[in-house]
Amino acid sequence: MKLLTLICISFVSVALPTWAGNAEAAPKGQPHERPYETPGHEPMGKPNDGVPVDRIIKVNIKETQSGYMLFEPDAIQIASGSVVRFIIINSGALDHEFMLGSFDEIAKHQQWMRKFPDMEHEYVNSVSIRSGEVEELVWQFSDATNMEFACLIPGHREAGMWGVIIVHDHLAPTRKN
């Protein structure tokens, strides 16, 4: 009986870490599935729920001959409470994405993308933009905060595809872009 118990304990101690490691491969538990609803989450706003758009911001994606991949503009100031329609124009030769998130969320998601580079996104705080296409993302910014937008396709953020959003009433422009 003791031998059988030792065998079972040995089996579980070897198999449990393997099972836990494989749990990461499942879609459940992906970072940022609905980050704006996560308790204790850094405030970043929420998807627009029909409130009229206050501001339109065009974001161009560029790829340079020297290998840089860029968002223009790469720094955006927004008034808290604003509803913004981002129009993202991919004039580059590669497919890209535009993801909004806190600095911590973007860093965690970047690590996740390195592990699973072929992962498809269906997040309300992200859009994929094929080469030569235009996509839109409408977001309601509720709280004063600093956050990031990035392309997390492996290698793209490292090549320059990231920017910052500063959400503060005293910094935001008063006219529509």
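Residues numbered from 1 in each chain as written. Predicted model: local features only at pLDDT ≥ 70, side-chain atom pairs only at ≥ 80, totals over all residues. Heavy atoms only, no water.

Draft legend 1. Molecular detail of the sheet that holds strand 2 (residues 55–63). A sheet is described by the order of its strands in space; here five strands give the open sequence 1-8-5-2-3, paired in mixed fashion. A strand with exactly one partner marks an edge of an open sheet, and here the two such strands are strand 1 (46–47) and strand 3 (69–72). (Pairing = 2+ DSSP bridges. Helix = DSSP H or I, 4+ residues; strand = E, 2+ residues; numbered from the N terminus.)

Draft legend 2. Geometry of the pairing of strand 5 (residues 83–90). Counting buried positions along strand 5 gives six out of eight residues, so the element sits mostly inside the fold. The pairing of strand 5 with strand 8 (residues 134–140) spans seven bridges and is antiparallel. Looking across to strand 8, one finds that Ile-88 is bridged to Glu-135. (Buried < 20%, exposed > 50% of the residue type's maximum accessible area, 1.4 Å probe, protein only.)

Draft legend 3. Expanded view of the packing of aromatic side chains. This model, assessed by the stated rule, comprises five aromatic pairs. Summarising the aromatic geometry, the rings of Phe-86 and Phe-98 are spaced 5.2 Å apart at their centres and angled 45 degrees between planes, so their arrangement reads as tilted. Taken together, the positions of Phe-86 in strand 5 and Phe-98 in strand 6 (residues 96–101) put the pair twelve residues apart, joining distant regions of the chain. On the numbers, 5.2 Å between centres and 35 degrees between planes, the contact of Phe-98 with Phe-149 is tilted. Within this pair, whereas Phe-98 is found in strand 6, its partner Phe-149 is found in strand 9 (residues 145–150), the two being separated by 51 residues in sequence. Here Phe-98 matches Phe-149 in class, with each residue buried. (Phe/Tyr/Trp six-rings, centres within 6.5 Å; stacked < 30°, edge-to-face > 60°.)

Draft legend 4. Seen up close, the environment of Gly-163. Within the secondary structure, Gly-163 sits in strand 10 (residues 162–167). Accessibility expressed as a relative area gives 1% for Gly-163, which makes it buried. C-alpha separation for the pair Gly-163 and Pro-73, spaced 90 residues apart in sequence, amounts to 7.7 Å. If we skip the residues at most four places from it in the chain, Gly-163 touches Asp-74, Met-147, Glu-148 and Phe-149. (Contact = heavy atoms within 4.5 Å.)

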